[in-house]
Each structure stands twice: as structure tokens, then as C-alpha cells.
Amino acid sequence: GAAPEAAAAAGEAKDGAEAPDAAPDAAPSNNGKGGASPTRKKPKRMLGAELPATLAGATVLEVEQLRLTEDLRRRYPFLGHLPKLADVTFLEVDVRPLVSPAVYGRFAAEFKKRSKRRARASAAVAREEAEERHAREEKERREREYLQQLAEFRRN
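All of the points below concern the structure found in this document. Treat the numbers as computed from the prediction; the structure is a model and nothing was measured.

Rules and cut-offs
Residues numbered from 1 in each chain as written. Predicted model: local features only at pLDDT ≥ 70, side-chain atom pairs only at ≥ 80, totals over all residues. Heavy atoms only, no water. Patch = residues over 30% accessible without salt bridge, like charges linked within 9 Å, V, L, I, M, F, W, Y side chains within 5 Å. Areas by Shrake-Rupley, 256 points an atom, 1.4 Å probe, with all protein chains shown as cover. Salt bridge = Lys/Arg side-chain N within 4 Å of Asp/Glu carboxyl O. Helix = DSSP H or I, 4+ residues; strand = E, 2+ residues; numbered from the N terminus. Buried < 20%, exposed > 50% of the residue type's maximum accessible area, 1.4 Å probe, protein only. Polar contact = N/O pair within 3.5 Å; in protein donor to acceptor, adjacent residues only side chain to side chain. Contact = heavy atoms within 4.5 Å.

### Some remarks on a nonpolar patch on the surface
Alright, step 1. Judged by side-chain polarity, Leu55, Leu98, Val99, Val103 and Phe107 come together as a nonpolar surface patch covering roughly 370 Å² of accessible area.
Alright, step 2. Residue placement: Val99 occurs in the loop between strand S2 (87–94) and helix H3 (101–106).

### Here we look at the pattern of salt bridges
Opposite charge on two side chains allows them to pair when their charged atoms are near.
Alright, step 1. A full pass over the atoms with the stated rule returns 14 salt bridges.
Alright, step 2. Two residues, Glu138 and Arg141, come together in a salt bridge whose shortest N-O distance is 2.5 Å. Here Arg141 and Glu138 lie together in helix H4 (residues 108–155), a separation of three residues that amounts to about one turn.
Alright, step 3. With a relative accessible area of 25%, Glu138 lands in the partly exposed category.
Alright, step 4. One salt-bridge network, in which partners are shared between bridges, spans Glu62, Glu92, Glu110, Lys113, Arg114, Arg117 and Arg118.

### Regarding the environment of Leu61
Alright, step 1. By the secondary structure assignment, Leu61 is in strand S1 (residues 59–67).
Alright, step 2. Considered as a pair, Leu61 and Val95 are 34 residues apart in the sequence and their alpha carbons are 9.9 Å apart.

### A few points about the environment of Glu62
Alright, step 1. Within the secondary structure, Glu62 sits in strand S1.
Alright, step 2. Its relative accessible area of 19% is what places Glu62 among the buried residues.
Alright, step 3. Taking the C-alpha atoms as reference, Glu62 lies 10.0 Å from Ser115; in sequence the two are 53 residues apart.
Alright, step 4. Reaching out from Glu62, the side chain makes a polar contact with the side chain of Arg117 at a distance of 3.0 Å.

### Examining the side chain of Asp94
Alright, step 1. Within the fold, Asp94 resides in strand S2.
Alright, step 2. In contact with Asp94, not counting residues within four places along its chain, are Ala58, Thr59 and Leu61.

As C-alpha cells, this is what we get:
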């Protein structure tokens, strides 16, 4: 599939979510002189909290629409909160304008692999369409030939 972690994570980002690197708020300590000091717990890390709300300028490379099954839940545990048979859409976007060249370079092999897979899929679809077009043209040619023979037969 298409970068499902990023696509699904982006859909779950909450407004005002605290970044996972944020330091927890803590009350001042009494340096161990009697009693426990009240502290707040570190906010729970939210999936996608560090992702932007929109990806302006990003080019969509692939759209994959799926229906959530038990197999998909096992493959993508982050979809576990969605109801069974929910429609799920994954988008793969070109991240080059969004990340530094160093970051892009770190994942270049994966991007290249995905690009080749998309090219193979596109070529397969083009071959299938060409075969269907050829079959349709051949059927139309045979029908014309039959009608010509029928007209010839009726004239005689």
C-alpha cells in the first residue's frame, strides 16, 4: 500500500495536541522534605500529533481505497479503533518539497521501490486496456464482416 502510516496518522492529528518532545508540567518540588509533590503526568503521545494539518503543495502519487477487514487490522494496528468494514483511503504523496534532502535521502531506496511498483502497476493497466480495446475492435470487425456476408446472401 501507499505510505499508510503517514496517511492514517495525518487523519488522526488532533488540534492543540502537544508534541511528543514537550516536557511534562511539574509542580515545584519541596526537595524531599515531607510529603509527595503533586505532578502532572506527561501528555499521552498522540499518533500524528507532529504532522501538519494540511500538506499544501504536495503531489498525490497514489490513492488506495480499501475496506477494513480483520487482515488489514492485523497489518495496520493503528486502524484498530475504526469499525470493521469501514472505508479507508491511503494517500501516497511526493514528500520532496516537504522534507530536507538529507531526510529524503535516508528513505530514497523505499521511494524508488514504490515508484517502480507504481510504474509496473500502471504498465499492467495499460496492457489490460490495450487488450480490451483490441478484443472490442476484433469483435466489431467480425460483426461488420458477418453483416456484410448476410447482406450479400440476401441479395442473391
